[in-house]
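Tertiary structure, described
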Amino acid sequence: MAEGAGRDRRSGDGAALHGHSLGRAGRHRHPEGDRGPDAGGLDLFRLLDRPQPAPLRRARGARRRQHPRRARGQHLARHGRARDQRRAGGTRGLDRDRDGLPPARTGRGPRKAPAGAPVVSARVETGGIGKAACVGGGVIGAGWVARLLLSGWDVAVYDPGPEAERVVGEVLANAERAHAALFDAPLPPKGRLTFAASLEAAVAGADFIQESVPERIDLKRRVLQAIDAAAPAEALIGSSTSGLLPSDLQEGMTRPGRLVVAHPFNPVYLLPLVEIVAGKATAPEAVERAKALYAALGMKPVVIRREIEAFVGDRLLEALWREALWLVNDDVASVGEIDDIIRYSFGLRWAQMGLFQTYRIAGGEAGMRHFLAQFGPALKWPWTHLTDVPDLDEALVEKIGRQSDAQTGDLTLRELERIRDDNLVATIRALAARRGGAGWGAGALLRDQEERLRSAARGANEPAEPPRMLDGTVPPEWIDYNGHMTEHRYLQVFGDTTDALLAKIGAGPDYVATGHSYYTVESHIMHLGEMKRGERFHSTTRILASDEKRIRLFHRLHRADGALVATAEQMLLHVDAKAGRACPASDGIRAALDALARAHAGLPWPAEAGRFVGERR
Ligand SMILES: NC(=O)C1=CN([C@@H]2O[C@H](COP(=O)(O)OP(=O)(O)OC[C@H]3O[C@@H](n4cnc5c(N)ncnc54)[C@H](O)[C@@H]3O)[C@@H](O)[C@H]2O)C=CC1
Ligand SMILES: C[N+](C)(C)CC(=O)CC(=O)[O-]
């Protein structure tokens, strides 16, 4: 971070960057998040530890080479990017016979898996990528298909519905759009999608199967029994049911130990929560492996302590929904008014703090106990007695339908989904920017997932290229009145690239917490092309030179088509933040830095490095 340490990078507050003053040179997030250290009092000359040290050691072996000047916006050779190696969509062949399943087994009670047999495969246990089958490809099934494919899994879908392939395709298109905007990290190569002609063909060879057929116990049992019979013995099975007991679903299965309820929230490809519920016959190791698998898909698995109908999320939602139906039924409020009351108030609170922590704050300085004392008695007052449900008779259904149509206007379902997705992406990204970029709640989870994606991609970097550091998409708020990415965002991306490099050499937030850090003391940005809203970008970096106190870095910013749009050269200075003085970096940092500098030494010297502003070449 180049200025205003700890400032939220996505807050749009870039004014200080333009008002850069020598006395405010500073980088790095404060370990306590948004309360960054006030670098305003630091004296740059003291930081620079005058007199100036000897010239920096250029990365060993690096020679300054003569390069023809690169034309503005000239395309570079493309990285061998994983995402470019996407495989094409799959085969077709739907079995239209919804009832072409074997009849449900009768005999009640779970059966035990043969002794000694693994309950679920090791690939699932390690959270690795494998082959999945999705049985049912409607609203939720298609959401699972998208999350799995975009996490790199090959997915076979079985859904006999005549529209299944179209629905999955449309949901997947929306999901790809949303993921491109959500992640600032390279996404893995998309998995291969196939539509199977039968349930048996779909689950053959699968490591993991997610069932998402309609919420009818008889149908679910038949489908789960068919999956159980045809899938590899060690494949994990998750059911998307939003309320049925896993013990009831396990009836008639030969290997019930591998079934868990894995209840997601719509849209599955964006909302991370998955409730894991074990039935009586579920093996404890299946729960553990389910946790690992769903976490590897970027989700937040929460294991429900014991099985109850509708689990936890839907218990809460049903209570709210029941009240909302009464309020519409009794003409107290319309559908639109109720939605406004939620989205302009507690809906905003819930995305970031949930119920209890929010109410703790509402208890004031006396906290939760005071809150309970003050508002607890109201639980016994008449307005919270309405636990019965209104009759969803024709008149009420029609009334809600009419009001909902009016609320939505001409928007199609997919348009509405895209609005919802954009809002969710913006919310999650805003949460990811909190606590100095470490993230909060769903935003912290996104940060973790991005770090996993980055380290997976870093392993694939070709040694002949400067290492790829950041991947992202230009969000709407980065666009200026000229219709392209505004200038301070370039510094933001390059500052983040520097942070990524520092994290790689061990000078990340933990190191900063020890009282040492690197501060940026000089930056030179060259603008060579344009970035437009929604365009993907990535940055690379290389160490040009380093010594015990300083690092000279050279970053490049590329568009997805490979074009070089900007470069930045930065000088960093290692400091003792408390003393406000430059000082040598630790041995560990210097060893990591030297190793990287050696690896970068053979790269060609960048033509844009070392230039003065306006210098002609
Ligand atoms: N819609 C939602 O908001 C949520 C739903 N769920 C759960 O997900 C499950 C699926 O619900 P939705 O996707 O909403 O329903 P949906 O009606 O949109 O999709 C169900 C799909 O299953 C297919 N299907 C029917 N019989 C089949 C069979 N024998 N084999 C394979 N596919 C078959 C249908 O053709 C349809 O495409 C349910 O258990 C539901 O409770 C969970 C969380 C949220
Ligand atoms: C309506 N529903 C019970 C199917 C909803 C859910 O299960 C979760 C969600 O996405 O709200």
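Residues numbered from 1 in each chain as written. Chains lettered and ligands numbered in written order. Predicted model: local features only at pLDDT ≥ 70, side-chain atom pairs only at ≥ 80, totals over all residues. Heavy atoms only, no water.

Our working definition: UniProt positions are given in the numbering used here, feature names are shortened, and annotations may be inferred rather than shown by experiment.
As recorded by an unreviewed UniProt entry, the protein chain carries the name L-carnitine dehydrogenase and is attributed to Amaricoccus solimangrovi. The Subcellular location (unreviewed entry) field of the UniProt record for the protein chain holds the comment "Cytoplasm". Regarding the protein chain, the UniProt comment filed under Subunit (unreviewed entry) reads as follows: "Homodimer."

A short note on the pattern of salt bridges
Basically, it comes down to this: Whenever Lys or Arg places a side-chain nitrogen within 4 Å of a carboxyl oxygen from Asp or Glu, that contact is recorded as a salt bridge. Here a helix means four or more residues in a row that DSSP labels H or I, a strand means two or more in a row labelled E, and each is numbered from the N terminus. Relative accessibility decides the category of a residue: with a 1.4 Å probe and only protein chains considered, values under 20% of the type maximum give buried, values over 50% give exposed, and everything between is partly exposed.
Counted by the stated rule, this structure contains 22 salt bridges. Note that Arg177 and Asp422 form a salt bridge whose closest N and O atoms lie 3.0 Å from each other. Placement of the pair is Arg177 in helix α5 (residues 164–182) and Asp422 in helix α15 (residues 413–432), with a sequence separation of 245 residues. Here Asp422 falls in the partly exposed class, since its relative accessible area comes to 35%. Residues joined in a network through salt bridges with shared partners are Glu163, Arg166, Glu170, Arg414 and Glu417.

Overview of helix α14 (residues 394–408)
Put simply, the rule is: Here the expected length of a helix is defined as 1.5 Å per residue gap, with one fewer gap than residues. The directions considered for the arc run from the helix axis to the C-beta atoms.
Here α14 contains 15 residues, and its C-alpha end-to-end distance of 21 Å stays within 8% of the 21 Å for a straight helix at 1.5 Å per residue. Listed in full, the buried residues belonging to α14 are Leu396, Lys399 and Ile400. In an axial view of α14, the angular spread of the buried residues amounts to 90°, which keeps them on one side of the axis. Within α14, the exposed residues directed more than 90 degrees away from the buried face are Glu394, Ala395, Arg402 and Asp405. Positioned one or two residues after α14, Gly409 has a phi angle of 65°, which is positive.

Here's the deal with the site of ligand 1
Going by this rule: Throughout, near means a residue has at least one heavy atom within 4 Å of the molecule or strand. As used in this structure description, the phrase polar contact means that two N or O atoms lie within 3.5 Å; if the pair is within protein, one of them must be able to donate a hydrogen and the other to accept it, and residues adjacent in sequence are counted only when both atoms belong to side chains. Gly counts as polar in this scheme, as do all residues outside two lists: the nonpolar Ala, Val, Leu, Ile, Met, Phe, Trp, Tyr, Cys and Pro, and the charged Asp, Glu, Lys and Arg.
Around ligand 1, the surrounding shell holds 25 residues, and the nearest of these are Ile140, Asp159, Glu215, Lys220 and Ser242. With respect to ligand 1, the backbone of Val213 contributes an N or O atom lying 3.4 Å from an oxygen atom. Within the contact set of ligand 1, an oxygen atom lies 2.6 Å away from a side-chain nitrogen or oxygen of Ser242. When contributions to the shell around ligand 1 are tallied by element, the ones reaching two or more residues are α4 (139–150), α7 (217–230) and β6 (259–264). The element that contributes the greatest number of residues to the shell around ligand 1 is α7, accounting for 3 residues. Within the shell around ligand 1, the residues separate by chemical class into 11 nonpolar, 10 polar and 4 charged.

What about the site of ligand 2?
We apply this condition: For every accessible area listed, the method is Shrake-Rupley and the probe measures 1.4 Å; residues are considered covered only by the protein chains on display.
Neighbouring residues of ligand 2: Ser242, His263, Pro264, Phe265, Asn266, Asp314 and Leu317. Taking Asn266, its main chain carries an N or O atom lying 3.0 Å from an oxygen atom of ligand 2. Expressed as a share of its isolated accessible area of 320 Å², the protein-covered part of ligand 2 is 55%. At the level of secondary structure, the elements contributing two or more residues to the shell around ligand 2 comprise β6 and α10 (313–329). For the shell around ligand 2, the class distribution of residues is 3 nonpolar, 3 polar and 1 charged.

Let's talk about a nonpolar patch on the surface
Cut-off, in case you're wondering: Only residues whose relative accessible area exceeds 30% and that take part in no salt bridge are eligible for patches, with like-charged residues grouped when within 9 Å of each other and nonpolar side chains (Val, Leu, Ile, Met, Phe, Trp, Tyr) grouped when within 5 Å.
The grouping of Leu317, Leu320, Trp350, Leu355, Phe356 and Tyr359 at the surface amounts to a nonpolar patch, some 560 Å² of accessible area in total. Counting residues per element, the ones that place at least two in the nonpolar patch are α10 and α12 (356–362).

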